[in-house]
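Given next are the chains, with one letter for each unit.
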Amino acid sequence: LQFLYFIEGAQNKRTMLLTALGCVVALFGSLVWWLRARSPDGVRRHSGWEFFFGITRHEGRAVLKDKTECISEYNLNEMKRNGFQAYGWGHVGGGRRGIVICDPADIKFVLKDNFDNFEKSGELISIFHQLLGDGIFNTNGELWKEQRNIASHMFSRRQLRERMSTVFGAHSLELLAEIRSHSGSAINIQPYFYNFTFDTINRIAFNREVNALRGNERDRAFQQAFDVLQSKLIGRFLTPWWRINRYFQLSEDERTIAASVNTITDYVANVVDGYYDDDGLPKEDTFKGDQTLAGLFLESAVAEGRVTTKGYLKDMILNFVIAGRDTTASGLTSCIKLLCGEDEWQRKLHEEAVRCFGKEADHPLTFDDIVDCPVSKAVFLEALRLHPPVPLNEKVTLRHTTLPSGIRLKPHDHVGWLPVATNRMPAHYGPDAERFSPSRWLTGKHPDDYHYPTFNAGPRLCLGRDMAILEGQIALLTLFSKLRFSKVDGATPKLVNSVTWQLDSNGLQVNVEDW
């Protein structure tokens with residue numbers, strides 16, 4: 001106390017006693033907080049060390065500008081270092097702890113067998129609320145069930161056959177024309193796929209004809225803001241004080257998020273306003289009998305006497321745009337990346353495409369055209385095995401429970417699972433699990449949803465899985481009917497931190513050639 005008195009120059013010992021007492025309380029509170037943040041019992045902590053506020057050395061580098069390792073790459077490499085066994089983490093500053101799993105039995109327990117004991121965490125919902133709002137991917141309970149039940153009607157086999165395949169076929173021909181115009185030269189092919197899927201999801205879900213593929217600047221500005229927002233929101237996971245940053249606009253990231261939100265809000269308002277009259281009520285003539293996603297939601301609400309606000313419809317639109325655009329675009333980018341250097345598989349795709357089209361690719365492919373096209377499906381599924389569009393996902397535990405692997409969880413423990421790691425487990429995919437090998441999908445036995453959780457699993461299994469595969473197949477067959485691709489020398493694709501698997505602005509540089 002005398003030492004403290006000396007260095008602080010305090011005028012009375014009472015002040016110093018109170019100060020000392022405060023320090024003791026703070027230290028005790030920090031100890032309790034640290035104990036709360038320890039990894040769950042039965043798992044190894046990851047190899048990174050933590051700052052007080054919970055930013056690990058590796059994760060901090062990945063997200064906070066250094067960009068030596070993308071967060072999804074870091075987690076995959078950490079899982080490999082741990083022999084594909086669960087590892088734990090604790091964030092001292094946030095008082096949080098959790099595990100990351102990849103074992104199929106544990107994933108099945110979380111996503112299906114004990115489904116009601118795990119839900120989207122309040123933190124995750126809060127982080128993404130500016131982008132996803134109260135949409136299907138950012139909600140739990142009854143609100144989630146309501147949206148899923150309504151949306152499920154759009155993904156019937158009849159819709160796939162009669163409506164969606166027609167849209168995919170027509171737009172795939174436009175995609176072919178745009179890319180083929182660069183035959184004999186090198187291009188960044190990634191944005192072509194994102195523009196293509198943006199056009200198709202708008203046509204299918206909202207009956208809007210947009211022209212991102214052909215260069216509509218307003219549509220492309222929306223997509224750019226959309227991608228920036230996904231990337232910046234990831235940083236909030238490692239910044240416990242992000243709410244303060246957002247409220248006072250203290251960081252460059254939060255200012256960028258605010259600007260991107262404004263761009264997205266203005267764009268979506270133009271879509272939503274068309275469904276409502278001047279009094280803010282849905283106009284039945286805009287959706288009556290309409291089989292689009294927006295039509296199904298509004299018609300259901302009117303029939304049940306529910307009020308569907310513009311904000312609710314906006315949230316629904318953004319959630320399905322991210323699902324309908326990013327999943328297939330990411331998958332197609334992965335396909336071309338992995339096929340470069342695989343001349344044999346490109347040749348097999350070309351032969352299958354010629355068989356579907358005949359000699360001229362002058363008509364859009366349909367659902368029935370690709371029923372017997374196993375190579376294109378195998379290529380697409382294999383690409384999504386190695387590069388799942390959502391490489392990492394997370395839930396929070398509600399009650400005490402024990403995973404099949406023996407790990408004991410307490411309420412509020414976070415549970416992350418890594419499709420990107422599960423899909424590469426040598427125990428299930430063999431010693432060549434890291435190799436691109438579509439032939440593994442040409443056998444009679446395919447992995448179940450828990451050994452291949454690319455499209456999630458259990459009650460939250462992706463509604464649009466069959467739609468994404470159909471779109472991916474039609475696009476691949478249309479492109480390879482006329483074109484082949486090779487890697488540009490010296491070009492190294494690099495992942496960006498984002499909600500989905502996506503390359504940075506340099507994208508995927510490939511040479512385009514006619515067959």
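Numbering of residues starts from 1 in every chain and runs along the sequence as written. Per-residue local features of the predicted model are confined to residues with pLDDT of at least 70, and side-chain atom pairs are confined, for both listing and counting, to 80 or more; whole-chain, interface and lining totals are unaffected and use all residues. The basis for every side-chain value is the complete set of heavy atoms in the structure, and neither hydrogens nor water enter the calculation.

**Regarding the packing of helix H14 (residues 310–339) against helix H16 (residues 374–386)**
Under this scheme, a helix contributes an axis fitted over its contacting stretch, all axes are lines through C-alpha atoms, and angles between N-to-C directions fall in the 0 to 180 degree range. A run of H or I in DSSP becomes a helix once it reaches four residues, and a run of E becomes a strand once it reaches two; helices and strands are each numbered from the N terminus. Here H14 crosses H16 at 95 degrees, and the two axes come no closer than 8 Å. Classified by the angle between their axes, H14 and H16 sit roughly perpendicular to one another. Residues Thr-328, Gly-331, Leu-332, Ser-334, Cys-335, Leu-338 and Leu-339 of H14 lie in contact with H16, whose contacting residues are Val-379, Phe-380, Ala-383, Leu-384 and Leu-386. Residues belonging to the contact of H14 with H16 are distributed by class as follows: 9 nonpolar, 3 polar and no charged. Reported orientations rely on four angle classes, namely roughly parallel under 35 degrees, roughly antiparallel over 145, roughly perpendicular from 65 to 115, and oblique for the rest. Should any heavy atoms of two residues lie within 4.5 Å, those residues are considered in contact. Amino acids outside the nonpolar list (Ala, Val, Leu, Ile, Met, Phe, Trp, Tyr, Cys, Pro) and the charged list (Asp, Glu, Lys, Arg) are all regarded as polar, and Gly is one of them.

**Examining the pattern of salt bridges**
Counted as salt bridges are all cases of a side-chain nitrogen of Lys or Arg within 4 Å of a carboxyl oxygen of Asp or Glu. Using the criterion set out here, one finds 26 salt bridges in the structure. For the salt bridge of Lys-108 with Asp-113, the shortest nitrogen-to-oxygen distance reads 3.0 Å. With a shortest N-O distance of 3.3 Å, Asp-514 and Arg-180 are connected by a salt bridge. Of this pair, Asp-514 sits in strand E11 (residues 509–514) while Arg-180 sits in helix H8 (residues 157–180), and the two are 334 residues apart along the sequence. Summary of the burial criterion: residues with accessible area below 20% of their type's maximum are buried, those above 50% are exposed, and those between are partly exposed, where the area comes from a 1.4 Å probe applied to protein chains only. According to the relative accessible area criterion, Arg-180 is partly exposed, its value standing at 36%. Sharing partners across several salt bridges, the network here consists of Glu-382, Arg-385, Asp-432, Arg-435 and Arg-440.

**Quick look at the confidence of the model for the protein**
Caution is warranted with low-pLDDT regions, since their predicted coordinates should not be read in detail. pLDDT expresses how confident the predictor is about each individual residue, on a scale running from 0 to 100. A residue-level look at the protein finds 85% of positions with pLDDT of 70 or above and a mean pLDDT of 85. Of the regions scoring below 50 in pLDDT, residues 32–37 engages in 15 contacts with residues more than four places distant in sequence or in other chains. Every residue in residues 46–67 is under pLDDT 50, and counting partners more than four places away or in other chains gives 56 contacts.

**Focus: the pairing of strand E9 (residues 414–417)**
Across the two faces of E9 the burial is the same, with His-414 and Gly-416 and Val-415 and Trp-417 all buried. Both strand E6 (residues 393–397) and E9 contribute to a ladder of 4 bridges, which runs antiparallel. By the bridge assignment, Val-396 is partnered in E9 with His-414. Any two strands with at least two DSSP-identified bridges between them are counted as paired.

**Considering a nonpolar patch on the surface**
On the surface, a nonpolar cluster with roughly 600 Å² of combined accessible area is contributed by Trp-241, Ile-244, Tyr-247, Phe-248 and Leu-250. Locating Leu-250 in the fold gives a position in the loop between helix H11 (242–248) and helix H12 (252–273). Judged by relative accessible area, which is 52%, Leu-250 ranks as exposed. Two joining distances apply to patches: 9 Å for like charges and 5 Å for nonpolar side chains (Val, Leu, Ile, Met, Phe, Trp, Tyr), and every residue must have over 30% relative accessible area and no salt bridge. For accessible areas, the Shrake-Rupley method is used with a probe of radius 1.4 Å. Any residue's cover is judged against the shown protein chains and nothing else.

**Observations concerning the packing of aromatic side chains**
The rule is short: rings of Phe, Tyr and Trp, with Trp giving its six-membered ring, pair when the centres are within 6.5 Å, and they are stacked under 30 degrees, edge-to-face over 60, tilted in between. Taken as a whole and judged by the stated rule, the model has 12 aromatic pairs. Here the aromatic rings of Phe-128 and Phe-237 are separated by 5.8 Å at their centres, their planes lie at 55 degrees, and the arrangement is tilted. In this pair, Phe-128 is assigned in helix H6 (residues 122–132) and Phe-237 in the loop between helix H10 (217–234) and H11, connecting sequence segments 109 residues apart. Given a relative accessible area of 7%, Phe-128 falls into the buried group. Clustering of aromatic rings is evident, with ring pairs tying together Phe-198, Phe-222, Phe-226 and Tyr-267. In this structure, Lys-348 is placed above the aromatic ring of Trp-345, and the distance from its NZ or CZ to the ring centre is 4.2 Å. The ring of Trp-515 has Arg-484 sitting right over it, with the charged end atom 5.3 Å from the ring centre. Placement of a charge over a ring requires the Lys NZ or Arg CZ to be within 6 Å of the ring centre, with the centre-to-atom vector within 35 degrees of the ring normal.

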